[in-house]
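Structural overview
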Amino acid sequence: MEFSTEFDARIGHGDVTLAARDVELLRAIDDHGSINAAATALGRSYSRAQQRIVELEGAFGDLVERKRGGSGGGGSRLTDDARSLLSRYERLRSEFSGVAETAETVLDGRVVDREGELAAVETPAGTVQALVPPDGDAVRLTLRADAVTLQSPSRSPDSDRTSARNRLEGTVLAVDAGETVALVTVDVGGGTTLSALVTTESVGRLNLHRGTPVVASFKATATRGVPNL
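Residues numbered from 1 in each chain as written. Predicted model: local features only at pLDDT ≥ 70, side-chain atom pairs only at ≥ 80, totals over all residues. Heavy atoms only, no water.

The antiparallel open sheet is built from five strands, whose spatial order is 9-13-10-11-12. Single-partner strands in this sheet number two, and they are strand 9 (149-151) and strand 12 (192-199). Taken pair by pair, the neighbouring strands of this sheet meet at an average axis angle of 45°, ignoring direction. (Pairing = 2+ DSSP bridges. Helix = DSSP H or I, 4+ residues; strand = E, 2+ residues; numbered from the N terminus. Axes fitted to C-alpha atoms, helices over the stretch in contact; angles between N-to-C directions.)

The structure is reproduced here in structure tokens:
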């Protein structure tokens, strides 16, 4: 993903994840009264929008009530379940965004290899791929907590099978849980701790508590470096 200070909240159910793009589609359906009109307004393909609604409904239940054409014309409207899901998304996004503005990891390191704007930076926690300035080898990296994904070591994909090029193994030190999200502190070695922002659902699913082994993964484009003078 492209680095951004905007947070994209996500709600997962099985293999399907509701993200900002899906929320935008549901809201457009609510505004325009049909999937076709919503897709047109968003500049998307109707068939793909329809397919995505089917995928979302397979995970979250009926979201769009469809009405066939007739004397009054056809159309679509959101179900109560869809409105509840949108409200849940907004609560999650609000809580995540508030914490993410202040929760970040800072790593000092030295550039050991460069490939355009991307560089391999040696840090106390290991080598990290990051976006760094063109000059100078000593850099300070910052990583927002909402850009970090935690996984069980047994289920973490290999680095060549995911766009998250950085993978650091560690152990959970603390879990500070709120209503819908939790700030997890992970010891990734070398006297370094990493902050990760996850849903409370993920805390339960991964059984996160002090001492839990995890793999923290994050994209190189989410890790920014500045000269460390």
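On to the packing of helix 1 (residues 20-32) against helix 3 (residues 46-60), then. For the pair helix 1 and helix 3, interaxial distance at closest approach is 11 Å and the crossing angle is 105°. Taken together, the axes of helix 1 and helix 3 lie roughly perpendicular to each other. Where helix 1 abuts helix 3, its residues Asp-22, Leu-25, Leu-26 and Ile-29 lie against Ala-49, Arg-52, Ile-53 and Leu-56. When the residues that make up the contact of helix 1 with helix 3 are grouped by side-chain class, the tally is six nonpolar, no polar and two charged. (Parallel < 35°, antiparallel > 145°, perpendicular 65-115°, else oblique. Contact = heavy atoms within 4.5 Å. Nonpolar A, V, L, I, M, F, W, Y, C, P; charged D, E, K, R; others polar.)

Our next topic: the environment of Ala-174. Residue position: Ala-174 is located in strand 10 (residues 166-177). With 34 residues separating them along the chain, Ala-174 and Leu-208 place their C-alpha atoms 8.8 Å apart. Not counting residues up to four positions away in its chain, the partners in contact with Ala-174 are Leu-183, Val-184 and Thr-185.

On to the pattern of salt bridges, then. It is possible for side chains of opposite charge to pair when their charged atoms get near one another. Counted according to the given criterion, the structure contains 10 salt bridges. Glu-24 serves as the salt-bridge partner of Arg-44, at 2.7 Å between the closest nitrogen and oxygen. Placement of the pair is Arg-44 in the loop between helix 2 (35-42) and helix 3 and Glu-24 in helix 1, with a sequence separation of 20 residues. Classification of Arg-44 by relative accessible area gives buried; the value is 16%. Between Asp-108 and Arg-140 there is a salt bridge whose closest N-O contact spans 2.6 Å. (Salt bridge = Lys/Arg side-chain N within 4 Å of Asp/Glu carboxyl O. Buried < 20%, exposed > 50% of the residue type's maximum accessible area, 1.4 Å probe, protein only.)

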